[in-house]
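The lines below spell out each chain.
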Amino acid sequence: MGSEWMSPGGRPRWARPLSLLLVTLAAAGYAWHLDLARLHPYYGPAVRSMASSWRCWWYGAFDPEGNLTLDKLPGAFQLQALSARLFGFHHWAVLLPQVLAAAAAVWVLYRLVSRWHSPAAGLVAAAALATTPVVAALARTQFADMALIALLLVAANAWHRAVTRGRLAPLLGCGLAVGLAFGVKMVQAWALLPVFGLLYLVAAPNPLRTRAAHLALAAVTAAAASGPWIAAVLLVPAADRPFIDGTVDNSPLSMVFGYNALHRFGDGGMGYAADGVPLGWRTLLAAPVAVEVGWLYPLALLGLAAGLAWRGRAARTDQLRAGYLLWAGWLGVYAAAFSLGSMAHKYYVIAVAPPVAALAGAGAVRLWTWRARPRLRWVLPAAAAVSTAWSWHLAADHPQDMPWLPEAVLCAGALAAVGLALAIGRPSLPRHLAGHSQVRRVAGLAVAAAAALAVFGGPAAWAVSVHDGIDPRPAEAGRHTDGVRVAGVVPPLGLADYLAERREGRRYLLAAQGSKIAGQYLLAGYSVFTMGGYSGNVPFPAPATLAELVARNRVRYVQFDPHRNLRSALARWVGSHCAPIDPAAYGGTGEPSVYDCGPTGGGRASAPPRHGSRSS
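This one's a predicted model, so the numbers in the text were calculated from it and none came from an experiment.

Parameters and conventions
Residues numbered from 1 in each chain as written. Predicted model: local features only at pLDDT ≥ 70, side-chain atom pairs only at ≥ 80, totals over all residues. Heavy atoms only, no water. Helix = DSSP H or I, 4+ residues; strand = E, 2+ residues; numbered from the N terminus. Buried < 20%, exposed > 50% of the residue type's maximum accessible area, 1.4 Å probe, protein only. Contact = heavy atoms within 4.5 Å. Areas by Shrake-Rupley, 256 points an atom, 1.4 Å probe, with all protein chains shown as cover. Pairing = 2+ DSSP bridges. Right-handed = clockwise from strand over helix to strand, strands pointing away. Expected span 1.5 Å × (residues − 1). Arc of directions from axis to C-beta. Axes fitted to C-alpha atoms, helices over the stretch in contact; angles between N-to-C directions. Parallel < 35°, antiparallel > 145°, perpendicular 65-115°, else oblique. Left-handed = near helix turned anticlockwise from the far one by under 90°. Nonpolar A, V, L, I, M, F, W, Y, C, P; charged D, E, K, R; others polar. Disulfide = S-S within 2.5 Å. Polar contact = N/O pair within 3.5 Å; in protein donor to acceptor, adjacent residues only side chain to side chain. Core = buried A, V, L, I, M, F, W, Y, C linked by side-chain atoms within 4.5 Å. pLDDT = per-residue confidence, 0-100.

### Observations concerning the overall build of the protein
Along its length, the protein carries 26 helices and 7 strands. Going through the 616 residues of the protein one by one, you find that 53% of them count as buried. Partitioning the intrachain contacts of the protein with sequence separation of at least 6 by distance along the chain shows that 70% fall at a separation of at least 24. Split by element, the accessible area of the protein, about 26000 Å² in all, is 65% carbon and sulfur.

Below, the structure written as C-alpha cells:
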C-alpha cells in the first residue's frame, strides 16, 4: 500500500511526495499574510451583496437590493460569495477560493505534464507555474482569471486522457470543464475549443468517423454547460430581475458577446494597452508584461523546438507530439488574442502561464538528456546563457524594485553556463579525483543549482516581492473599511456623516453614479442605489425611476462622478430638479458633486458639475 502511494503507475518514489510538498508550499505561500491582501473596489461590494441573499447570489448583483448585476458572468464570484456566506464577510474568506484555485492549478498541471512527458518535467512545470508572478498575484485577488486557469487545466487534463485512449467520457469531461470556465470568464474560455478539437481529430486513435462523432458530442456538452445562466436570465422578464451591467439593452447576450468579447477588439490592435504596453506582436514581449509571465520564454520555446524535432516523424497518434502541439496551440491562441485585441489589464496574460510552464518543464528535462549526445550537448549551456540574458533584461528593466536581482541572476547564470561548458568540454575529472564519486556529485549539484537559480530565481523573487502584478504599490497601501482591506478609498467620513444625519429613515443613503463611488458606501455598510453601472454610462436607472424614488421619499441625495457621463438624461434631470451642496458643508473641497433632491433643495435648477471638476 505504501509503495503504491509513493509510486502510482510505476513512477519514481519521490514523485508524489515532492509534488504534494510543492502544492502545499504554493498554497501556504499564497495564503501567507492574506490579511494584507485587498478586495477589489468593484468586486468586493458585489460579493458582499451576493452573500446577503440568494437572489443576489444567483444574478451576481452588485448591490444588496439586486437592482444591477456585475458586468461579468457571476461564476467565480458566486464561489467567493459562498465562502463569505459560510465564514462571514472577511477578506480571507472572500479570497480563500482564489488560493484554492491556484493550488489546484499547480497540482493539475503537475499531473498532466508528468503523465504526458515525465514526473521530472511535471515537477519543474508545476514549480514554474507556482512561481509565475502573475499567478502568485491573482491567487490573492478577486479577479476571475485564477479560476479560469484552473478549469482550463482540468479541461486539458481530460483532453489528454481522451486523445491518448480515444475514449468519449474524458472528452465530454473536457467539454464540461470548458463550459464551466465559460461561466467564469466567458468567451475567453472558448478560445481553446478549436485547439482541443483539431488535435483530438488528428491524434486520437479511433477511426475518423468516431473521432468526429466524439467531437460533436463534446461540443454539445460545452455549449450546454456554458449557457444555463444566460438562458435562465433571458427567460425572466426584465422587470423582475436586475439590469445587466455593461449593456444598453439589458441583455446578457450583449454583456457576454458584445461588451466582453467583440468590443475588446474594437481598436484593431493599434495603440497601447494598460500601463503603456504596446499592442501588436510586441505585447507579450514588453517588459511590463513579460516580467509578470514571461521569465521562462526562452526555455519554453527551446523546449517546444526540441520536442517537435524529437517527435516530428512520429506516428499520427503519438501522444508526446500531441502534447507539444497542445501547449503550442494554447500559447498561440492567447498570444494572437493579446496581439490583436486591447488589453486593459496586465493580469489577462495569466492565460499564457500554463503553456509556458509546461513547455519549460519539458524543455528542461529534454535539454538535460541531450548533454550526453556529442552533437547536441552544447544546447544546454547555450540555453542557460540565453535564459540568463533574458532574465537579466527583465530584472534590469525594474531596477528600483529589486536592485540586487540583475546581478544575482547574472552571476548565477555565468556560473551555470561556465560549469556546463566545462563539464561538456572535459567530462572526466582529474585522475586523482576520478574515483571520488562524491566530488562528482557535489560538482554536478552545484552546477544544477546555479542553473536553476539563473532560470527560476527571477520569477520566484518577483513572485514573493511586494508586487501584486496588478498594482505596483505595496499591499500595505490599502485602507480598512468595516474590517476589510480594500483597494481604493473609503467614502469621506464628513460626507458620510452629513448624509447619515439627514437620511431621516429613507431606504437609501444616496444614489451614486458609477461603482467606484457606490462601492465605497456599500463596503462601509450603507444602502446605496447604484446608477450607471461600472462605467457610469449604463442607462440605468431611467430619469423617471429616480424621480419616483425621490417622490416616494426613498432617496434624497445624488452623487456624481465628475469624470463620467454628465450629459446623460439622468444627469440633466438631476441638474434640473436638485440643488448642488457646497462641499464646505461636510468638510470637502472643490466643486460640488453631491446634489440634494429633497423638499428643501429640490426644484432649484442648476447645471450638473463641469467635466473635469474634482470629486469631494
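Now, onward.
### Things to note about the pairing of strand 4 (residues 528-531)
Look at any regular strand and the pattern is simple: side chains alternate between the two faces of the sheet. Residues of strand 4 alternate between two faces, with Val528 and Thr530 on one and Phe529 and Met531 on the opposite face, all of them buried. Relative to strand 4, strand 3 (residues 510-513) is paired through 4 bridges, and the arrangement is parallel. When the sheet's bridge partners are listed, Leu510 is paired in strand 4 with Val528. Traced from strand 3 through helix 24 (residues 515-523) to strand 4, the parallel crossover comes out right-handed.

### Here we look at helix 2 (residues 15-31)
The terminal C-alpha atoms of helix 2, which comprises 17 residues, lie 24 Å apart, in line with the 24 Å expected from a rise of 1.5 Å per residue. Among the residues making up helix 2, those that are buried are Ala15, Ser19, Leu22, Val23, Ala26 and Tyr30. Each buried residue of helix 2 lies within a common arc of 95 degrees when the element is viewed along its axis, so the set occupies one face. Seen from the buried face of helix 2, the exposed residues on the opposite side, beyond 90 degrees, are Thr24 and Leu25. Looking at the buried side of helix 2, the elements it contacts are helix 6 (91-116), helix 7 (119-130) and helix 8 (133-138). The positive-phi residue at the C-terminal boundary of helix 2 is His33, with phi of around 50 degrees.

### A word on the packing of helix 17 (residues 297-311) against helix 18 (residues 319-340)
Contact geometry of helix 17 with helix 18 gives a least axis separation of 9 Å together with a crossing angle of 150 degrees. Judged by the angle between their axes, helix 17 and helix 18 are roughly antiparallel. In the crossing of helix 17 with helix 18, the sense of the turn from one axis to the other is left-handed. In this structure, helix 17 contributes Gly303, Leu304, Gly307, Leu308, Trp310 and Arg311 to the contact, and helix 18 contributes Leu320, Arg321, Tyr324, Leu325 and Ala328. By residue class, the composition of the contact of helix 17 with helix 18 is 7 nonpolar, 2 polar and 2 charged.

### Focus: the state of the cysteines
The tally for this structure, following the rule as stated, stands at 1 disulfide. Between the sulfur atoms of Cys578 and its disulfide partner Cys597 the distance amounts to 1.9 Å. Handedness of the Cys578-Cys597 disulfide follows from its S-S torsion of about 100 degrees: it is right-handed. Of the two residues, Cys578 sits in the loop between helix 26 (569-577) and strand 6 (579-580) while Cys597 sits in the segment after strand 7 (594-596), which places them 19 residues apart along the sequence. The class of Cys578 is buried, set by a relative accessible area of 0%.

### Some points on the environment of Arg140
Tracing the chain through its elements places Arg140 in the loop between helix 8 and helix 9 (145-165). Apart from the residues within four sequence positions on either side, Arg140 is in contact with Gly29, Tyr30, Ala31, Trp32, His33, Leu34, Ala37, Arg38 and Leu95. Among the polar contacts made by the side chain of Arg140, one reaches the main-chain carbonyl oxygen of Trp32 at a distance of 2.7 Å.

### Focus: the side chain of Thr132
As for its placement among the helices and strands, Thr132 is situated in the loop between helix 7 and helix 8. Of note is the side chain of Thr132, whose polar atom sits 2.7 Å from the backbone oxygen of Ala128. Leaving out residues up to four positions away in the same chain, Thr132 has contacts with Glu292, Val293 and Ala353.

### Remarks on the packing of helix 9 against helix 10 (residues 168-185)
Look at helix 9 against helix 10: their axes get within 7 Å of each other, and the N-to-C directions meet at 170 degrees. In terms of orientation, helix 9 lies roughly antiparallel with respect to helix 10. Here helix 9 contributes Asp145, Ala147, Leu148, Leu151, Leu152, Val154, Ala155, Ala158, Trp159, Arg161 and Ala162 to the contact with helix 10, which in turn contributes Pro170, Leu171, Gly173, Cys174, Ala177, Val178, Leu180, Ala181, Val184 and Lys185. Taken together, the residues that form the contact of helix 9 with helix 10 break down as 17 nonpolar, 1 polar and 3 charged.

### Notes on the sheet that holds strand 4
Ordered by their spatial adjacency, 5 strands build an open sheet running 4-3-5-7-6, and the pairing between neighbours is mixed. Where the open sheet ends on each side, the last strands, each with one partner, are strand 4 and strand 6.

### Let's talk about the nonpolar core
Counting 161 residues, the largest nonpolar core has Tyr30, Trp159 and Trp327 as its most contacted members. In terms of residue count, the dominant contributor to this core is helix 6 (14 residues). With near-sequence residues (within four places) excluded, Trp159 lies in contact with Leu171, Cys174, Phe196, Leu199, Tyr200, Ala322 and Leu326. The next biggest cluster of nonpolar side chains, apart from the first, holds 21 residues, and it includes Phe540, Val574, Tyr595 and Cys597.

### Some details on the confidence of the model for the protein
In the predicted model, the protein carries a mean pLDDT of 84, and 83% of its residues have values of at least 70. Below pLDDT 50 for its whole length, residues 467-484 participates in 43 contacts with residues either more than four positions away or in separate chains. Segment residues 603-616: pLDDT under 50, and 48 contacts once partners within four positions in sequence are set aside and those in other chains are kept.

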